[in-house]
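Listed below, chain by chain, are the residues.
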Amino acid sequence: MSHETWFHRRLAQLTPTFAPEHTVPSPDGQWTATAHGHTSTDLLTWEIQSAYATPDPPPMDHLRDTYPSGIAWTPDGAGFFYDRLLPFSDSHGLYFHAVGTDQRQDHCVFYRAEHPDWFYQPHVSPDGRWLAVAILNGNAANRLSLLPLNAPGVVDSAHEITLIDRFTGRYDVVHWQADQLILRVVEPDAPNGRLIAVDLVTGARAVILPEQDLPLLDAAPLGTGWACSHLRQGHAELRWFNAHNAPTVTIPLPGLGTVDWLESSLETSSDPVHNSTIRHSAIRNSQSPLHFAYTDFARPPQIYRWRVGDFASQLLEDIADLPFDPADFVTHAHTVLGADGATIPFFLVHRRDLPLRNCPTLLTAYGGLGHTLTPRFSVDVLAWLELGGVYVSVCARGGGEMGATFHQAAVGAHKQRTFDDVLSVARRLTTQEITSPARLGLWGVSNGGLTAAACLIQAPDLFGAVVIESGLLDMLRYPHLGQGRQWLPEYGNPDDPVQRATVAAYSPLHNIQPGQSYPPTLIVTHEHDPRVGADHSLSFARALSEAQAGDVSIRLRVHPGSGHGAPTVHEAWLNWAAERLSFLAQHLGLTDEQ
């Protein structure tokens, strides 16, 4: 059986269980809203239907051209707020949809025509009195406005309260209390984040949990204090802080993984396991348990419960007939010193019975835009591990795995640090003989595609095969391709003569060396990539092929009809994942006898 056939069959076996649709139930449990991606854009279509099986169900509502910034139901389930892309102006507006009505009747409640690049993330208070609107522009920072709700979907725009009027930090809604809004705040003087309470009447701010030693991701009230999700060198750590803000308990987790959400009062729902999206309900009593979703490289997302005083977290519902045993795989957390002496975390994952010596190894990193590449389950990684491969995930600077400071350390003039970090890990793997250059593969998507391509061009002898998908590769033209202008604060402006020299020094397209032997490389793009644009990959593939002096080919794959990242159609995704994995397996020497 060929590699591609094996991977396709195994992925097909796994994906029905571990590729659920994105569904958001209404707080009253009456409705479900399910999102479906478009094949050629970033936009979503939402389908709203009754949560109850009936002989004659009402017809589904369909909402098209919605932006993936989330929806916010009203407490009574009458409808929800959502961001809609306006085709006549190519800008965004925040709309309200009443269940059971045609989308053409939806009305706009928040709109800034003078800022077409702004988009909106809504949050509704549990009592239905307030609408909080996070205003984003594609960067890490956001603004925040608060509007009274006179009735479900009826916004009092005349009494808007601007809580944050500049893009100077990150302000995320984590909880509502009586006349207070609790925010996770990341500001220049608190890069690890802190919790603040904002008075809904006066706008006054008060710190309720000061900045800690670890980056703060999320929080939920628990007992007399707060349960907080932090990052410790790229993986999750849960801690409970008492009323005096002392971290009195580290909450046990199943392993080195990711905590996706926290909720301290799910018992108010009739279905505490599945009603996981009601994030902002008030705590009912001091004995309320904490619920959280956990995942890692070997465990699909599952819901756990913990109470103050418990010695361990309790898994609420195990996945029946799991087609593999998570105990068969092991994850190690390591660090390496970067080229400038900085500490760079990385994770190494493998089958427990696999000898770690000269193994086919797949290395990946993102390293940009503050995105956190934390341990998370994916069926394609699992298939690679099952066949005897090693998987390595690098927390490179430019990402957010160690907080805002870690992100800012590799932006603008310091972007080269991202690539140095990845190359430092690659060299560690070969020096320790876990793998060798001939058996070390590199894979990156989007900004991660930039990372992979830059590492390929700067150290071609270090890798045996490379896959670059939807990458930013022409960094001298990126502001004029796709949505590139949104990322000027991240990479710098190549139209500025001073910044142009810095960007040109690492731009993959402009550093290809004629006559160089490059390893086998698969370059993937999508016909309708709205974010990056296909021209990056087309130009890079042509230039790399023309420069190639070795006897291996440079392959280009263009996925028709699809947008940014992996194909959204299931069969198309299966074909793409199997092709990518088989390409790497073939060139890195992966067999089922590892």
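Residues numbered from 1 in each chain as written. Predicted model: local features only at pLDDT ≥ 70, side-chain atom pairs only at ≥ 80, totals over all residues. Heavy atoms only, no water.

**Observations regarding the side chain of Thr 418**
(1) Moving on: With respect to the helices and strands, the residue Thr 418 is situated in helix 4 (residues 416-431).
(2) Moving on: On the basis of relative accessible area, Thr 418 is assigned to the buried category, the value being 0%.
(3) Moving on: Of note is the side chain of Thr 418, whose polar atom sits 2.6 Å from the backbone oxygen of Arg 397.
(4) Moving on: Those residues in contact with Thr 418 that lie beyond four places of it in its chain are Gly 367, Ala 396, Arg 397, Gly 398, Ala 410 and Thr 451. (Helix = DSSP H or I, 4+ residues; strand = E, 2+ residues; numbered from the N terminus. Buried < 20%, exposed > 50% of the residue type's maximum accessible area, 1.4 Å probe, protein only. Polar contact = N/O pair within 3.5 Å; in protein donor to acceptor, adjacent residues only side chain to side chain. Contact = heavy atoms within 4.5 Å.)

**Here we look at the environment of Asn 358**
(1) Moving on: In this structure, Asn 358 sits in the loop between strand 26 (343-351) and strand 27 (361-365).
(2) Moving on: Remark: the alpha-carbon pair of Asn 358 and His 371, spanning 13 residues in sequence, is separated by 31 Å.
(3) Moving on: Those residues in contact with Asn 358, other than ones at most four positions away along the chain, are Glu 433, Ile 434, Thr 435, Ser 436 and Arg 439.

**Description of the confidence of the model for the protein**
When pLDDT is low, close inspection of the predicted coordinates is not appropriate.
(1) Moving on: Residues of the protein with pLDDT of at least 70 account for 93%, and the chain-wide mean is 89.
(2) Moving on: Confidence drops under pLDDT 50 across residues 266-286; counting only partners more than four residues distant or on other chains, this segment forms 48 contacts. (pLDDT = per-residue confidence, 0-100.)

**Considering the packing of helix 2 (residues 379-386) against helix 9 (residues 570-588)**
(1) Moving on: Following both chains from N to C, one finds helix 2 and helix 9 inclined at 30°, their axes separated by 11 Å at the closest point. Crossing geometry of helix 2 relative to helix 9 is assigned as right-handed. Taking contact as the criterion, the partners of Val 379, Asp 380 and Trp 384 in helix 2 are, on helix 9, Trp 573, Arg 580, Leu 581, Leu 584, Ala 585 and Leu 588. (Axes fitted to C-alpha atoms, helices over the stretch in contact; angles between N-to-C directions. Left-handed = near helix turned anticlockwise from the far one by under 90°.)

**Regarding the packing of helix 4 against helix 5 (residues 447-458)**
(1) Moving on: Here helix 4 crosses helix 5 at 70°, and the two axes come no closer than 9 Å. As the angle between them shows, helix 4 and helix 5 are arranged roughly perpendicular. When you trace helix 4 past helix 5, the crossing you get is right-handed. Together, Gln 416, Thr 418, Phe 419, Val 422 and Leu 423 of helix 4 and Leu 450, Thr 451, Ala 454, Cys 455 and Gln 458 of helix 5 make up the contact between the two elements. (Parallel < 35°, antiparallel > 145°, perpendicular 65-115°, else oblique.)

**Observations concerning the sheet that holds strand 14 (residues 180-187)**
By definition, the strands of a sheet pair up through backbone hydrogen bonds, in either a parallel or an antiparallel sense.
(1) Moving on: Within the open sheet, the four strands sit side by side as 13-14-15-16. Their pairing is antiparallel. The strands lining the two open edges of the sheet, one partner per strand, are strand 13 (170-177) and strand 16 (205-209). Put simply, the sheet's adjacent strands are angled 35° from each other on average, direction ignored. (Pairing = 2+ DSSP bridges.)

**Some words on a nonpolar patch on the surface**
(1) Moving on: A contiguous nonpolar patch, built from Leu 538, Leu 556 and Val 558 and spanning about 210 Å² of accessible area, is present on the exposed surface.
(2) Moving on: Here Val 558 is to be found in strand 32 (residues 554-559). (Patch = residues over 30% accessible without salt bridge, like charges linked within 9 Å, V, L, I, M, F, W, Y side chains within 5 Å. Areas by Shrake-Rupley, 256 points an atom, 1.4 Å probe, with all protein chains shown as cover. Salt bridge = Lys/Arg side-chain N within 4 Å of Asp/Glu carboxyl O.)

**As for the nonpolar core**
Generally speaking, a soluble globular protein has its nonpolar side chains buried in company with each other.
(1) Moving on: Counting 54 residues, the largest nonpolar core has Leu 363, Val 392, Val 394, Leu 429, Phe 463, Phe 540 and Leu 544 as the members making the most contacts within it.
(2) Moving on: It is helix 5 that contributes the most residues to this core, seven residues altogether.
(3) Moving on: For Phe 463, the residues in contact, after removing those within four places along its chain, are Leu 423, Ala 426, Pro 437, Leu 440, Leu 442, Cys 455 and Pro 519.
(4) Moving on: Ranked by size, the runner-up nonpolar core spans 36 residues in total, among them Ala 298, Ala 383, Trp 384 and Val 467. (Core = buried A, V, L, I, M, F, W, Y, C linked by side-chain atoms within 4.5 Å.)

**What about the environment of Glu 469?**
(1) Moving on: Within the secondary structure, Glu 469 is located in strand 30 (residues 465-469).
(2) Moving on: Considering only alpha carbons, one finds Glu 469 and Pro 25, 444 residues apart in sequence, at a separation of 34 Å.
(3) Moving on: Within the local environment of Glu 469, its side chain forms a polar contact with the side chain of His 526, the two groups lying 3.1 Å apart.

**Quick notes on the pairing of strand 26**
(1) Moving on: With eight of its nine residues buried, strand 26 lies for the most part within the structure.
(2) Moving on: Pairing of strand 25 (residues 329-337) with strand 26, which is carried by nine bridges, proceeds in the antiparallel orientation. Looking at the pairing, Leu 337 lines up with Thr 343 of strand 26.
(3) Moving on: Here strand 25 folds back onto strand 26, and the loop between the two strands holds five residues, one of which, Gly 341, carries a positive phi near 90°.
(4) Moving on: Bridging between strand 26 and strand 28 (residues 390-394) involves four bridges; their strand directions are antiparallel. Looking across to strand 28, one finds that Phe 346 is bridged to Val 394.

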